[in-house]
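# Per-entry structural report
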Amino acid sequence: MKIYAFLILIIPGLLSFGQKKQVCFSFDDLPVVSYGIADPVFQKNLIDKLVSSLKNNKIPAIGFVNESRLYNNQSIIQSQVELLNKWADSGLDLGNHTFSHSDYNNISFKEFSQDILDGETVTKEILKNRNKSIKYFRHPFLHVGNTKAKADSLSNFLNDHGYIAAPVTIDNEDYLFALAYQRAKGKADTNLIKKIGHDYIGYMESKLKYYEMQVNILFGRDINQILLLHASSLNSEYVDSLAYIFRKNNYDFVSMDEALKDDIFRSDITVYGDWGISWIDKWALSRGKKGSFFKDEPATPDYIRKLAE
Ligand SMILES: [Zn+2]
């Protein structure tokens, strides 16, 4: 009898240990995405809530900054810098997302690389004050260069300047839900506000399951996932629910450093285009997968698209 009791205790532990997966939460467009709401109190409350929820859920997130958002004409807006200080004080990491969120598909390498350099001044200082240095770069619109030559120029530049490009595996349209959510709040439509939040979490879990399925078909295993989010009001209120769905699907939360230890991120990408897509999609295209391979990708509901127009 004793041995059975022992096995009952030990087996579920071993099974869950073996299946444990890892995800890094990354937030773009810091210091804050407030869709035109310039009220510093609103913005501070949003970031306070986001940061405390990340802390409570022990999520070592990274936020990518557009430093143009820190300025009004030439003068720095101290309240915006304070949002970044708050983020960094909580032990969360910061990276570069260019100064002005420029689109590498539309400008030259020279202009784009200058926008990267312009975008690191304040962030470097904030990290330096905390004995850290800037390490990660996230491409706006996930545009890495629409030809091999353009992509190689950028990747060499990043390398020469000590940056590591931060990939995304779970791409999604959280920004459409976030804008729809903010508009529903503007109308004080309680039922719609709740519905959007509920549908958002369902959509994000379906995205997670979709990308897990895709990597298992491509590589026969789970991989370290990197989730793309934005520093919006919606996410500040729903980080707890997002954390819940990832825990429920057996994930631990890890830093970008930890996530990138997976060799999958050294896989070859041989296709280039105007797209801004998940690295999983690029690995699939590089292995000759065509349209039908992507047919089960969850879609953003029409009513969200309409609200976000
Ligand atoms: Zn962005």
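For the structure given in this document, a descriptive report is provided here.

Quick notes on the rules
- Residues numbered from 1 in each chain as written.
- Predicted model: local features only at pLDDT ≥ 70, side-chain atom pairs only at ≥ 80, totals over all residues.
- Helix = DSSP H or I, 4+ residues; strand = E, 2+ residues; numbered from the N terminus.
- Expected span 1.5 Å × (residues − 1).
- Buried ≥ 20, exposed ≤ 12 C-beta atoms within 10 Å, placed from the backbone.
- Contact = placed C-beta atoms within 7 Å.
- Pairing = 2+ DSSP bridges.

## Examining helix 8 (residues 190-219)
In this model helix 8 runs 44 Å from its N-terminal to its C-terminal C-alpha over 30 residues, within 8% of the 44 Å that 1.5 Å per residue would give. Those residues of helix 8 lying buried are I196, Y200, Y203, M204, K207, L208, Y211, Q214 and V215. In the core, the buried residues of helix 8 are packed alongside helix 7 (174-186), strand 8 (225-232), helix 9 (233-248), helix 11 (279-286) and helix 12 (302-307). Remark: G220 follows helix 8 within two positions and exhibits a positive phi of approximately 70 degrees.

## Things to note about unusual backbone geometry
For the bond from L30 to P31, the omega torsion is 15 degrees, close enough to zero to count as cis. Among the structural elements, P31 can be located in strand 1 (residues 21-33). Unlike most non-glycine residues, D29 shows phi in positive territory, near 65 degrees. Of note in the backbone geometry, N131 takes a positive phi value of approximately 55 degrees without being a glycine. Turning to its location among the elements, N131 is positioned in the loop between helix 5 (121-128) and strand 6 (136-137).

## Considerations on the pairing of strand 1
Taken across its 13 residues, strand 1 has eleven buried, putting it largely inside the fold. Across seven bridges, the pairing between strand 1 and strand 8 is parallel. By the bridge assignment, V23 is partnered in strand 8 with Q225. Direction of pairing for strand 1 relative to strand 2 (residues 62-65): parallel, over a ladder of three bridges.

Everything listed is a geometric property; what it means functionally is a separate question.
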